[in-house]
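Here is how the chains run, residue by residue.
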Amino acid sequence: MTVDRISKEELLANYDTFLFDADGVLWTGDIPVPGAIEWINLLLSDPSKKVFVLTNNSTKTLDQYMKKIEKLGFGHLGSDNVISPAIVLADYLKSKPEKFAGENIYLIGTENLKATLENDGGVKCFGTGPDSIRDHTDGDFIHHVDMSISPRAVVCSYDAHFSYPKIMKAANFLQDPNVEYLVTNQDYTFPGPVPGVVIPGSGATSASITAVTDRQPTVFGKPHKPMADFLLRRAQVDPKRTVMFGDRLDTDIMFGNANGQLSITSRQQNNETEEPQKQGWISKLLKGQNTDPSSWQKQSHSSLLSNSELMYEFMTHNYRPGEQDAYLDAFGKYKNEMNAKNPSIELVGSWTCSYGRTRDQAIHLWRHNKGYEDVDSSIALHGKDSGIRAADNDVARLCGRRKNLIVKSFSYWREPEQRPPNHVYDLRSYVLQPGTMIDWASAWAKGIQYRREANQDVGGFFAQVGQLYVVYHIWAYPSMSDRNDTRHATWAKPGWDATVANTVPLIKKMQSKILTPTRYSQLE
């Protein structure tokens, strides 16, 4: 049975085993789905609940997969909570020692899959890595391939080195009916971070082998029976009290339906005009709201990159040279007017520029605690309220140029918090290449961990209104000397260089400004 609307209370009362697809449901790329970590931890804290992540991805060993899970924030999940086709296939090979123990397997797949099958399945694999037609002939056709090794099975999975010689070898090995044809999964594509880019998966490779040989494989991933049987052996689950959360109708939801489980899909196949929800469907579930998970996959990038309803505003004022004191007095009156008329619009940070492209400049960071409702309120107040209009005009007379951007905070950054006095602030602004925001977030979701030890991270934001594809990072240091020492220490950490290497190509323009807090700033 498939549903598209259910409450947390119904789930907890009626189900004991919770099955989750991974990429696309718990996370996308390297970004956790809002609320997913909290939902998993809630289930794991209840001894009466069983939790399993059923992934069709066999490109990682279990150890590698667990490192990714921990890095994403799902550290409470253990290795017994994760099931992949590689694990199920290795278990199958090991369960038939009379046929497979120590025997050869022709593998169209990755080195990581080879390691899993050899270490856990007790077999010897050959065939991984590049196998180009130029290794066999200078012409257009191959008329002979090396058949000197006789495998007990052909295993087909995702293989970035998939080639014509591999198809030919597999087809000739499978002419022997005693050679088993085994496939990890038949997902034709992988989910990816860049919309519109197709990433072929295991199903694309196995389809060609099947077409050439006219052999039907045994498939070990969702929605096929071997994974369900493995789950039943490991956990003795009751299908009627089991729920499957997935994003693919042809694998996840079909798996749940075929095994008598409740299935919840996070991908909407119809009704494309429906407005996206403002937060992740798992977040809504945790808050006790009756939830339609299908709309999560249709959220905008901003909904995927931020799990906060808060909106922020960067206000940049270039005041006239020599007028800093008069400007700050006028701005203080404007701030007081805003606080009086709408207290939920809060001035978080307020600085003047000590070093940067423009010297006579003030930058203010406002938090709109009610989100776009506060933005609408601000627009109305600036248009109709005489006190705010007068105070705003007084500020304007002292400025040569003013601009403001509406931004949201990245989910992997903290929200800006009050700090004790005597910090210097480094505001880094980046203009990214269009279409690269997800890649930027994926790299920084890992990279931010290298910058947290010295409590230097203040806030990370991306533009919603104004100049788009703009990112702001704010860092705080006790002094410029501390800034220098901290940045040098970061470069010494293994892995930080990868963050830089992955993000620099995404940048069109960048600059740094050293900021000094004004008397109005919560960030001092």
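Conventions adopted
- Residues numbered from 1 in each chain as written.
- Predicted model: local features only at pLDDT ≥ 70, side-chain atom pairs only at ≥ 80, totals over all residues.
- Heavy atoms only, no water.
- Helix = DSSP H or I, 4+ residues; strand = E, 2+ residues; numbered from the N terminus.
- Buried < 20%, exposed > 50% of the residue type's maximum accessible area, 1.4 Å probe, protein only.
- Contact = heavy atoms within 4.5 Å.
- Areas by Shrake-Rupley, 256 points an atom, 1.4 Å probe, with all protein chains shown as cover.
- Pairing = 2+ DSSP bridges.
- Axes fitted to C-alpha atoms, helices over the stretch in contact; angles between N-to-C directions.
- Expected span 1.5 Å × (residues − 1).
- Arc of directions from axis to C-beta.
- Right-handed = clockwise from strand over helix to strand, strands pointing away.
- Core = buried A, V, L, I, M, F, W, Y, C linked by side-chain atoms within 4.5 Å.
- Domains from an automatic or database assignment.
- Phe/Tyr/Trp six-rings, centres within 6.5 Å; stacked < 30°, edge-to-face > 60°.
- Lys NZ or Arg CZ within 6 Å of the ring centre and 35° of its normal.

## A few points about the overall build of the chain
Stage number 1. Helix and strand counts for the chain stand at 18 helices and 23 strands.
Stage number 2. The proportion of buried residues among the 524 residues of the chain is 52%.
Stage number 3. Restricting to contacts in the chain with at least 6 residues of sequence separation, those with at least 24 account for 76%.
Stage number 4. Accessible surface, the chain: about 23,600 Å² in total, of which carbon and sulfur atoms supply 49%.

## As for the pairing of strand 17 (residues 345-355)
Stage number 1. Within strand 17, 8 of the 11 residues are buried, which leaves it mostly tucked inside the rest of the structure.
Stage number 2. Relative to strand 18 (residues 362-368), strand 17 is paired through 7 bridges, and the arrangement is antiparallel. Pairing of L347 across the sheet is with W366, part of strand 18.
Stage number 3. Between the antiparallel neighbours strand 17 and strand 18 lie 6 residues, among them G356 with a positive phi of about 160°.
Stage number 4. Two strands pair when backbone bridges link them, and strand 17 and strand 23 (residues 507-517) are joined in this way by 4 bridges, in the antiparallel orientation. Residue T352 lies in a different strand from strand 23, and its bridge partner there is T516.

## Thoughts on the sheet that holds strand 22 (residues 470-477)
Stage number 1. Pairing in this closed barrel of 8 strands is antiparallel, and the strands run 16-18-17-23-20-22-21-19 around the ring. With strand direction ignored, the average angle separating the axes of adjacent strands in the sheet is 35°.
Stage number 2. Strand direction decides the pairing type here: strand 20 (residues 424-432) and strand 22, joined by 8 bridges, are antiparallel. Residue pairing across strands places S429 opposite Y472, the latter belonging to strand 22.
Stage number 3. The strands touched by helix 14 (residues 372-384) within the sheet are strand 16 (311-319), strand 17, strand 18, strand 19 (399-409) and strand 21 (457-465), with strand 18 carrying the most contacts at an inclination of about 120°.
Stage number 4. Where helix 15 (residues 386-397) meets the sheet, its contacts fall on strand 16 and strand 19, and the angle it forms with strand 19 comes to roughly 120°.

## What to know about helix 14
Stage number 1. The end-to-end C-alpha separation of helix 14 is 18 Å, in line with the 18 Å expected for 13 residues at 1.5 Å each.
Stage number 2. Listed as buried for helix 14 are D374, V375, S378 and L381. The buried residues of helix 14 occupy an angular sector of 125° when projected down its axis, which confines them to one face. Projecting away from the buried face of helix 14 at angles above 90 degrees are the exposed residues E373, D376, I379 and K384.

## Quick word on the environment of V458
Stage number 1. With respect to the helices and strands, the residue V458 is situated in strand 21.
Stage number 2. Considered as a pair, V458 and H473 are 15 residues apart in the sequence and their alpha carbons are 7.7 Å apart.
Stage number 3. Discounting chain neighbours no more than four positions away, the residues touching V458 are W413, R414, E415, P416, R419, Y425, I474, W475, A476 and L523.

## Some words on the pairing of strand 7 (residues 104-108)
Stage number 1. Among the 5 residues of strand 7, 4 are classified as buried, and the element is accordingly described as predominantly covered.
Stage number 2. Bridging between strand 7 and strand 8 (residues 124-126) involves 3 bridges; their strand directions are parallel. Its bridge partner being in strand 8, I105 is matched across the sheet by C125.
Stage number 3. Crossover connection from strand 7 via helix 6 (residues 111-121) to parallel strand 8: handedness right-handed.

## A look at the nonpolar core
Stage number 1. Within the largest apolar cluster, 30 residues are counted, with the highest numbers of intra-cluster contacts made by L54, I83, L89, L93, L117 and L182.
Stage number 2. Looking at this core, the elements that each hand over two or more residues are strand 5 (50-54), helix 4 (85-94), strand 7, helix 6, strand 9 (153-156) and helix 9 (225-235).
Stage number 3. It is helix 4 that contributes the most residues to this core, 7 residues altogether.
Stage number 4. When residues of this core are assigned to domains, at least three fall in each of domain 1 (8-82 + 225-265) and domain 2 (86-130 + 147-219).
Stage number 5. Excluding residues within four positions of it along the chain, L89 makes contact with L117, V155, L182, T184 and F220.

## Some points on the packing of aromatic side chains
Stage number 1. A complete count under the given rule lists 27 aromatic pairs for this structure.
Stage number 2. With a centroid separation of 6.0 Å and an interplanar angle of 40°, the aromatic rings of F331 and Y334 are classed as tilted. Pair noted here: F331 and Y334 are both in helix 13 (residues 324-341), with a separation of 3 residues, about one helical turn.
Stage number 3. Taken together, W413, Y430, W440, W444, W475, W491 and W496 form an aromatic cluster joined through their ring pairs.
Stage number 4. Positioned above the aromatic ring of W475, the side-chain terminus of R451 is 3.8 Å from the ring centre.

## As for the sheet that holds strand 10 (residues 180-183)
Stage number 1. Spatially, 5 strands are ordered 8-7-9-10-13 in an open sheet, and the strand pairing comes out parallel. Edge positions in the sheet fall to strand 8 and strand 13 (218-219), since each of these pairs with one other strand and no more.
Stage number 2. In the sheet, strand 7 pairs with strand 9 via 4 bridges, with the strands oriented parallel. Looking at the pairing, I105 lines up with A153 of strand 9.
Stage number 3. Contacting strand 7, strand 9 and strand 10, helix 8 (residues 202-213) runs over the sheet at an angle of about 155° to strand 10.

## Regarding helix 7 (residues 164-173)
Stage number 1. By the criterion of burial, helix 7 is predominantly enclosed, with 8 of the 10 residues buried.
Stage number 2. All buried positions along helix 7 are accounted for by P165, K166, I167, M168, K169, A170, A171 and F173.
Stage number 3. At its buried positions, helix 7 is contacted by strand 7, strand 8, strand 9 and helix 8.

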